[in-house]
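Remarks on the overall topology
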Amino acid sequence: MLDIRTMRRIPTFAALAPPALRELAARGVERRYATRQTLFRAGHPSPGMFLVVEGRVRVVRDGADRRQVVHTEGPGATLGEVPLFDGGVLPATAVALLPTRCLVFTLGAIEAAIGQDPRLALLLLGQLSRRVRQLVLRLDRLSFQSVRARLADYLLSRSSAATKHVVSFEGTQTDLAEELGTVREVLVRELRHLRREGVIRATGRDGYQLLDAGKLRQLVAGSQ
């Protein structure tokens, strides 16, 4: 049985009525995954809806010669729920990008909780709707932005004054290349170009400081 106090700290469930939380806590299980461990595989039945509590998970489609990233999720995200509702198999594979902790709920657990608090159905519908929006935006970036612009957008989105605008990659360069929809060789070439132009500076293993955020914004804007 899961700890109800843990459930209340999860934004997705925080507003649910206590009886709904008790149903989820009684029927859910906690699972932990090491970096690069698989949560579930495409083509298999879904073991349940995964709620990411800690860590980061990459959902991918594996082709004959390369891996395509579908989306990447962090704490608060739900995964694996589509087959629960449409009766099919899992359409993609999920792999832990970092050490990850999830709560897993069967369809029966979700139905029991919705019976206690129907708002859960709207919360889950909201999660799915946001993912569809994110997938459309991702498709736009892959279709209309150059790799350089996608890299610039990635660097800007992860830069902050609190870290002195130093960005560290999650995972390897290959992981980042997959995230950007390219291959490692192209990513390395684009990083080298940005360093040569004085836009970024290497700070260590897969770490870069942004020296000219304005130039990065121009690259993003120029591709739109």
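Reference entry: report on the structure contained in this document. (Residues numbered from 1 in each chain as written. Predicted model: local features only at pLDDT ≥ 70, side-chain atom pairs only at ≥ 80, totals over all residues. Heavy atoms only, no water.)

A word on the packing of helix 6 (residues 147-157) against helix 9 (residues 213-222)
- Between helix 6 and helix 9, the shortest axis-to-axis distance is 8 Å and the interhelical angle comes to 130°. Considering their axes alone, helix 6 and helix 9 lie oblique with respect to each other. The crossing of helix 6 and helix 9 is left-handed. Across the interface between the two elements, R148, A149, A152, D153, L155 and L156 of helix 6 pack against A213, L216, R217, L219 and V220 of helix 9. (Axes fitted to C-alpha atoms, helices over the stretch in contact; angles between N-to-C directions. Helix = DSSP H or I, 4+ residues; strand = E, 2+ residues; numbered from the N terminus. Parallel < 35°, antiparallel > 145°, perpendicular 65-115°, else oblique. Left-handed = near helix turned anticlockwise from the far one by under 90°. Contact = heavy atoms within 4.5 Å.)

Description of the layout of surface pockets
- In this structure, the largest pocket spans a volume of roughly 430 Å³.
- Looking at the largest pocket, it is lined by 18 residues, and the ones nearest its centre are R138, R141, Y154, R158 and E179.
- Examining the composition of the lining of the largest pocket, we find that six residues originate from one element, helix 5 (residues 119-144), more than from any other.
- Classifying every residue of the lining of the largest pocket by side-chain character gives six nonpolar, four polar and eight charged.
- Counted as a void, the second largest pocket has a volume near 230 Å³.
- Together, 16 residues line the second largest pocket, and V59, H71, V82, P91 and R131 are the ones closest to its centre.
- Sorting the residues of the lining of the second largest pocket by element identifies strand 5 (67-73), helix 3 (82-86) and helix 5 as the ones contributing at least two each.
- Considering each element in turn, the lining of the second largest pocket owes the most residues, four residues, to helix 5.
- Classifying every residue of the lining of the second largest pocket by side-chain character gives twelve nonpolar, two polar and two charged. (1 Å grid on protein atoms, 1.4 Å probe; cavity = no way out; pocket = protein on both sides within 12 Å on 5 of 7 lines; lining within 4 Å. Points joined across faces, edges and corners; volume = space filled by probe spheres on them. Nonpolar A, V, L, I, M, F, W, Y, C, P; charged D, E, K, R; others polar.)

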